[in-house]
Amino acid sequence: MDFAKHQLNSKLKHKDNSRFFKRLKKIKSSCLDNAIQSLHYEVFENTNCLACANCCKTTSPMFTDKDIIRVAKYLRLKPSVFFDKYLKTDEDKDYVLKSLPCIFLLKDNSCSIYKVRPKACREFPHTNRRKQSQLLKLTEKNVEVCPAVYEIIEKLKEELV
């Protein structure tokens, strides 16, 4: 995985993608869901996330209260100790990791807490979820984080020409 190349490509297409995402807002929600979800499954059939793990290296998931309790229990910590050790509250009042890359990311790009990982990690990059019209801002950001999302959006552009 050549992530530097991915970053360059996504930066070069940033303006084009911004215009494209504005066009996507005008598409009927169910049609958008079907198109993006179909491409999600097609792209992820040939995607090895462990070869990249850029999401874990560059962005923090949001931790819900349930996530904190579940992960803390798995690590045999009190939730307050888990929070103090690993998390902070960001400017949006969300619970996020204190530092990046993710402290739970192992050298082989696997996750040491995979069985109990936060909901945001389980659902990333969110392109297989319903109501894609509500996720367009997030998907637009994820184009720069995730090569698979970049590929999904490039294929979507071809389909919608």
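Definitions and cut-offs
Within any chain, residue numbers begin from 1 and follow the written order of that chain's sequence. Local features in this predicted model are restricted to residues whose pLDDT is 70 or higher, and side-chain atom pairs enter the listing and the counts only when it is 80 or higher, whereas totals over whole chains, interfaces and linings include all residues. As a convention, hydrogens and water are excluded, and side-chain values are obtained from all of the structure's heavy atoms. A fitted line through C-alpha atoms represents every axis, and for helices the fit uses only the stretch in contact; the resulting angles, taken between N-to-C directions, go from 0 to 180 degrees. Working definition: helices are DSSP H or I runs of at least four residues, strands are E runs of at least two. Numbering for both runs from the N terminus. The labels follow the angle: roughly parallel below 35 degrees, roughly antiparallel above 145, roughly perpendicular from 65 to 115, and oblique for the rest. Residues are treated as being in contact if the distance between any of their heavy atoms lies within 4.5 Å. For this scheme, ten residues count as nonpolar: Ala, Val, Leu, Ile, Met, Phe, Trp, Tyr, Cys and Pro. Four count as charged, namely Asp, Glu, Lys and Arg, and the remainder, Gly too, count as polar. Paired rings are identified among Phe, Tyr and Trp, the last through its six-membered ring, by centres lying within 6.5 Å, and are further divided according to the angle between planes into stacked (under 30 degrees), edge-to-face (over 60) and tilted (the rest). Criterion for a charge above a ring: Arg CZ or Lys NZ at most 6 Å from the ring centre, at most 35 degrees from the ring normal. We define a salt bridge as a side-chain nitrogen of Lys or Arg found within 4 Å of a carboxyl oxygen belonging to Asp or Glu. The buried label goes to any residue with under 20% of its type's maximum accessible area, the exposed label to any with over 50%, and the partly exposed label to all in between, with areas taken from a 1.4 Å probe on protein chains only.

Undergrad: What's the story with the packing of helix H1 (residues 3-12) against helix H8 (residues 136-145) in this structure? I'm lost.
TA: Two numbers describe a pair of packed helices, the interaxial angle and the distance between the axes. The N-to-C vectors of H1 and H8 enclose an angle of 140°; their axes lie 8 Å apart at closest approach. In terms of orientation, H1 and H8 fall into the oblique class. The residues of H8 that touch H1, namely those facing Phe 3, His 6 and Ser 10, are Val 143, Glu 144 and Val 145. A breakdown of the residues in the contact of H1 with H8 according to their chemical character gives 3 nonpolar, 2 polar and 1 charged.

Undergrad: Looking at this structure, how should I read the side chain of Ser 10?
TA: Tracing the sequence through the fold places Ser 10 in helix H1. Apart from residues lying up to four places away in sequence, Ser 10 is in contact with Val 143, Glu 144 and Tyr 150.

Undergrad: What should I look at first to understand the packing of aromatic side chains in this one?
TA: Aromatic rings in a pair are described by how distant their centres are and how their planes are angled relative to each other. Going through the model one piece at a time under the given rule, you end up with 6 aromatic pairs. The lysine or arginine in question, Arg 117, covers the ring of Tyr 114, its NZ or CZ lying 3.8 Å from the ring centre. Taking NZ or CZ as reference, Lys 157 lies 6.0 Å from the ring centre of Phe 20, over its face.

Undergrad: Can you walk me through unusual backbone geometry in this structure?
TA: Note: most residues except glycine have negative phi, and most peptide bonds are trans. In this structure, the amide linkage connecting Leu 100 to the following residue, Pro 101, adopts the cis form with an omega of 0°. Of note, Pro 101 is situated in the loop between strand E2 (95-97) and helix H7 (119-123). With an omega of 5°, the peptide bond running from Phe 124 to Pro 125 counts as cis. Relative to the helices and strands, Pro 125 is located in the loop between H7 and H8. Even without a glycine there, the phi angle at Asn 109 is positive, about 70°. Note that Asn 109 resides in the loop between E2 and H7. Positive phi outside glycine occurs at Lys 131, with the angle close to 60°. With respect to the helices, strands and loops of the structure, Lys 131 is situated in the loop between H7 and H8.

Undergrad: So what exactly am I meant to see when it comes to the pattern of salt bridges here?
TA: A side chain of one charge can pair with a side chain of the opposite charge if their charged atoms are brought near each other. Per the stated rule, a full pass over the model turns up 8 salt bridges. Here Asp 16 ties to Lys 157 by a salt bridge, and the two come within 3.0 Å at their closest N and O atoms. With a gap of 141 residues between them, Asp 16 in helix H2 (residues 14-24) and Lys 157 in helix H9 (residues 147-159) connect regions that are remote in the sequence. The buried category is assigned to Lys 157, whose relative accessible area is 12%. Where Glu 42 meets Lys 155, a salt bridge forms, and the shortest distance between an N and an O atom there is 3.0 Å.

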